[in-house]
Every structure is written in structure tokens, then in C-alpha cells.
Amino acid sequence: MNDAVAQTAGALTAARVRFELIPHRRTTSAGAEARALGVQPAAIGKTIVVRADRRRIRVVVPASRRLDLRKLARVTGTRTVLLTEAELAEQFPGYELGAVPPFGGGDDCVLLDAALAEEPSVIVEAGSHEVSLRLAPRDLVVVANAQIADVADDPAYP
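Residues numbered from 1 in each chain as written. Predicted model: local features only at pLDDT ≥ 70, side-chain atom pairs only at ≥ 80, totals over all residues. Heavy atoms only, no water.

Participant: Explain the nonpolar core to me, and be specific about the residues and the numbers.
Facilitator: Nonpolar side chains tend to gather and get buried jointly when the protein is soluble and globular. Core analysis: the biggest nonpolar cluster contains 17 residues, and Leu133, Leu135 and Leu140 have the highest contact counts within it. Discounting residues that sit within four places of it in the chain, leucine 135 has contacts with Leu12, Val17, Arg18, Phe19, Ser121, Val122, Val124 and Leu140. (Core = buried A, V, L, I, M, F, W, Y, C linked by side-chain atoms within 4.5 Å. Buried < 20%, exposed > 50% of the residue type's maximum accessible area, 1.4 Å probe, protein only. Contact = heavy atoms within 4.5 Å.)

Okay, structure coming up:
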């Protein structure tokens, strides 16, 4: 277990949150992570880091959907900007680029999309592209001090 995963798991253990670490083949997208784990993309929470004024916000949306910046602006009351890869690497040096978990490594504001809050469990990055973690959405809300909000785009219908 690398340091990032150990730190993420340690935060959950300290908070007395039940979770499962899930090793898998290396993936670099939430969709690929869902395929590697054999789960529906709606059960994977991808963490997107944005800047709103002078604060960072980690937004967790289902892998099956996209972050809706207009909805996010209504929720935050301000314009938001996605962090660049260089900013992510600088601000989250302990985590692999693109594998920032929704908690740990700072006291960012966290928003959990309402669709994920309805799932029986959610799978998120643990700081590595080779390990994910599964936990109950209510526990994610507690450990991340997250707010639930409708911030994902509307689901596509065939």
C-alpha cells in the first residue's frame, strides 16, 4: 500500500468509518475504473477539484455523468474554475494525478452529487490509480464534512 492510500485509509479508520479497499489494474479514468471493478459507472464517484474565489472545492459526481458548472455556480454562489493538472500536482503532491480522493490532504469544501447520495455504496479513488475504496455515501458525507447538492448534468436518455 502506498503512502497516499495509507493516508486515505487512515483518515477513514480514525473516523471509525467502515470501508473496503479494492485493488485493481491501473486505470486513469472513472469509466475505466468501473469496467475494471465490474460495476456500473453510476456507482463510481469521480472527484473534480475546482477553485471558487479563494477556496478549493472537491466535487464528487457519478462517473456516468459530468459536472454541470452552471449548477455548481448556483450552489456555490460564485463562478468556479477547474484546477489545471499543474495546480493539482502542486496542491496534492501525495496523490497520483487524477486520483485525488474526496477527503484528506486539506480541508477543502466537499460537494457530493445528490445522485451518488442515493446509491447504497460509492467507490472513489484512494489516492492511487490502482486502489479504490468503497463506503456508504452517508459515511463519505461525515468524513468529508460534505454537502449534498445537485451538481451533475442531467442523465442522458436514449
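Participant: Summarise helix α1 (residues 3–14); cite the residues concerned and give the values.
Facilitator: Taking 1.5 Å as the rise per residue, α1 with 12 residues should run 16 Å; its terminal C-alpha atoms sit 16 Å apart, in good agreement. Buried residues of α1: Ala4, Val5, Thr8, Ala9 and Leu12, and no others. Across the axial projection of α1, the buried residues extend over an arc of 125 degrees, all falling on one side. Opposite the buried face of α1, by more than 90 degrees, sit the exposed residues Asp3, Thr13 and Ala14. Where α1 is buried, its residues meet β1 (19–23), β6 (122–128), β7 (131–135) and α6 (137–144). Structurally, the start of α1 carries an N-cap: the backbone nitrogen of alanine 4 is 3.0 Å from a side-chain oxygen of asparagine 2. In the stretch just after α1, arginine 16 is the one whose phi turns positive, near 60 degrees. (Helix = DSSP H or I, 4+ residues; strand = E, 2+ residues; numbered from the N terminus. Expected span 1.5 Å × (residues − 1). Arc of directions from axis to C-beta. Polar contact = N/O pair within 3.5 Å; in protein donor to acceptor, adjacent residues only side chain to side chain.)

Participant: With reference to specific residues and values, describe the pairing of strand β5 (residues 109–113).
Facilitator: Summarising burial for β5: four of the five residues are buried, a large majority. As defined by bridge partners, strand β3 (residues 55–62) adjoins β5 across four bridges and the pair is classed as parallel. Note on β5: the bridge partner recorded for arginine 58 is valine 110. (Pairing = 2+ DSSP bridges.)

Participant: Help me get a handle on the packing of aromatic side chains, residues and values and all.
Facilitator: In this structure the tally under the stated criterion is one aromatic pair. Aromatic side chains phenylalanine 92 and tyrosine 95 sit 6.4 Å apart centroid to centroid with 40 degrees between the ring planes, which places their arrangement in the tilted category. Neither phenylalanine 92 nor tyrosine 95 differs from the other in exposure class; each is buried. (Phe/Tyr/Trp six-rings, centres within 6.5 Å; stacked < 30°, edge-to-face > 60°.)

Participant: Can you explain the environment of isoleucine 48? Please cite residues and give values.
Facilitator: Structurally, the position occupied by isoleucine 48 is in strand β2 (residues 45–52). Considered as a pair, isoleucine 48 and proline 101 are 53 residues apart in the sequence and their alpha carbons are 9.3 Å apart. Those residues in contact with isoleucine 48 that sit more than four places away from it in its chain are Ile57, Arg58, Val59, Val61, Leu67 and Leu82.

Participant: Just give me the short version of the pattern of salt bridges, but keep the residues and values in it.
Facilitator: One pass over the full model with this rule turns up eight salt bridges. Measuring nitrogen to oxygen at the nearest pair gives 2.9 Å for the salt bridge that ties arginine 26 to glutamate 96. With a gap of 70 residues between them, arginine 26 in the loop between β1 and α2 (30–37) and glutamate 96 in the loop between α4 (85–91) and β5 connect regions that are remote in the sequence. The partner of arginine 51 in a salt bridge is glutamate 87, and the shortest N-O contact between them spans 3.0 Å. In this pair, arginine 51 sits in strand β2 while glutamate 87 sits in helix α4, placing the two residues 36 residues apart along the sequence. Judged by its relative accessible area of 29%, arginine 51 falls in the partly exposed class. Exposure remark for glutamate 87: the relative accessible area of 21% places this residue in the partly exposed category. (Salt bridge = Lys/Arg side-chain N within 4 Å of Asp/Glu carboxyl O.)

It is worth stressing that arrangement in space is one thing and function is another; only the former is reported here.
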